[in-house]
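Coordinate analysis (summary)
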Amino acid sequence: MSDLKQIGFIGLGIMGKPIAKNLIKAGFELQVHSRSNGPVKELVALGAKETGTPAECAKNMDAVITMLPDGPDSESVILGENGVLDSAKKGAIIIDMSSIAPAISQKIAKSCETSGAEFLDAPVSGGEPGAIEGTLAIMVGGKQSVFDSSQSIFDSVGSSYVLCGDYGAGNTTKLANQIIVATNIAAVGEALVLAKKAGLEPQKVFDAIKGGLAGSNVLNAKGPMMISGNFNPGFRIKLHHKDIRNSMLTGSDLGVSLPVTSLVQQIIVSLVNEGKGELDHSAIANFVEKINDQSIS
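A few points on the structure. All of these numbers come straight from a predicted model, not from anything done at the bench. (Residues numbered from 1 in each chain as written. Predicted model: local features only at pLDDT ≥ 70, side-chain atom pairs only at ≥ 80, totals over all residues. Heavy atoms only, no water.)

Turning next to the pairing of strand β8 (residues 136-142). Most of β8 sits inside the fold, with six of its seven residues counted as buried. Here strand β6 (residues 118-121) runs beside β8; their pairing, made up of two bridges, is antiparallel. Within the sheet, the bridge partner assigned to Asp121 lies in β8 and is Gly141. Sheet topology places strand β7 (residues 124-125) next to β8; two bridges connect them, and they run antiparallel. Looking at the pairing, Val124 lines up with Ile138 of β8. Relative to strand β9 (residues 158-165), β8 runs parallel, the two being bridged by six bridges. By the bridge assignment, Met139 is partnered in β9 with Val162. (Buried < 20%, exposed > 50% of the residue type's maximum accessible area, 1.4 Å probe, protein only. Helix = DSSP H or I, 4+ residues; strand = E, 2+ residues; numbered from the N terminus. Pairing = 2+ DSSP bridges.)

And the structure:
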């Protein structure tokens, strides 16, 4: 398992809880902290230790993993009062698996280095099913030596992990991933609305195209949800809204035009404003259904 045996885990939401469970299954000793008490109790029942603050959770740990909603949350938990860096031991590896703006990852990394801790930004793709099954794709930014030391952790929760570059590279890669996923979902929605409007059965269209060039993991995962009208969240629209916003901000910082992403952002903003932010991001198709007065299901 390498020298990393004791892990502090902060953030037991829809992704964090199953990741933490898989680490316990793999034999790591965990102490946990989260705003919600229910998931904490679940982990304690599996052998984890409950802690009251991020600082307490990080104390004496070989590594600390954070899985939080957005950049300000990562900053507060890691850099703030009673935060991770208040108690993390020298040489501890701070792994932020949150999907946040790359610039914030770079800021956190600098503070970690100043405090004598190591840092990796390591956002994931695969949604709740991947987190439960331990098959996440992990995109990592940081030092090669720290990445190598952390592979026992990544092996326990993911099916692939790649060091993409220096600090922030993991989250830049995640933004690229989220652009592809969001635009793909929007395209699937348009295609299935077109098919239904033409009098075809969306399921037959899906079966016909999934094995061709249009086939993709997004089509396989989200097409059936659109066809059945089941938008129970695996990855919520409001979280994709955050990722696309960070993509646009990063593009602006770099002087990169993202015209297609901008159009999808407007669709997502419209859905959030309609109160659909808690639905699965496959419900991006709802926008196309509404403007065409045509349901896919």
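Now that the structure is up, let's keep going.
The two faces of the sheet receive side chains in turn, since in a regular strand these alternate between them. Going residue by residue along strand β4 (residues 63-66), you find Ala63 and Ile65 tucked away on one face and Val64 and Thr66 tucked away on the opposite face as well. Both strand β1 (residues 6-10) and β4 contribute to a ladder of four bridges, which runs parallel. Note that in β4 the partner of Ile10 across the bridge is Thr66. Read as a crossover between parallel neighbours, the route from β4 over helix α4 (residues 71-79) to strand β5 (residues 93-96) is right-handed. (Right-handed = clockwise from strand over helix to strand, strands pointing away.)

Let's shift gears to the nonpolar core. With 33 residues, the main nonpolar core has Phe9, Leu23, Leu30 and Ile153 as its most contacted residues. Among the elements that make up this core, the one with the highest residue count is helix α1 (residues 16-25) (four residues). Ranked by size, the runner-up nonpolar core spans 24 residues in total, among them Val193, Val218, Met226 and Ile284. (Core = buried A, V, L, I, M, F, W, Y, C linked by side-chain atoms within 4.5 Å.)

With that settled, the discussion passes to the pattern of salt bridges. Considering all chains together, one arrives at 16 salt bridges under this definition. The salt bridge involving Lys143 is made with Glu118; its shortest N-O contact spans 3.7 Å. Highlighted residues: Lys143 in the loop between β8 and α7 (144-149) and Glu118 in strand β6, separated in sequence by 25 residues. Close ionic contact of Lys238 with Glu278 constitutes a salt bridge, the shortest N to O distance being 2.7 Å. Of this pair, Lys238 sits in helix α12 (residues 237-254) while Glu278 sits in the loop between α13 (259-273) and α14 (285-292); the two residues are 40 residues apart in sequence, bridging distant segments of the chain. A residue is classified by how much of its surface remains accessible, and Glu278, at 41% relative accessible area, is partly exposed. One network of salt bridges, in which partners are shared, links Lys17, Lys21 and Glu42. (Salt bridge = Lys/Arg side-chain N within 4 Å of Asp/Glu carboxyl O.)

What follows is about unusual backbone geometry. A positive phi is found at Asn60, a non-glycine position, where the angle reads about 65 degrees. With respect to the element layout, Asn60 can be found in the loop between α3 (54-58) and β4. Phi at Asp293 is positive, roughly 50 degrees, even though this residue is not glycine. Within the fold, Asp293 resides in the segment after α14.

Quick look at α1 now. Every α-helix winds through 3.6 residues per turn, so residues three or four apart in the chain are directed the same way. With respect to burial, α1 is a largely interior element, seven of its ten residues being buried. All buried positions along α1 are accounted for by Gly16, Pro18, Ile19, Ala20, Asn22, Leu23 and Ile24. Trailing α1 by a residue or two, Gly27 shows a phi angle of about 105 degrees, which is positive.

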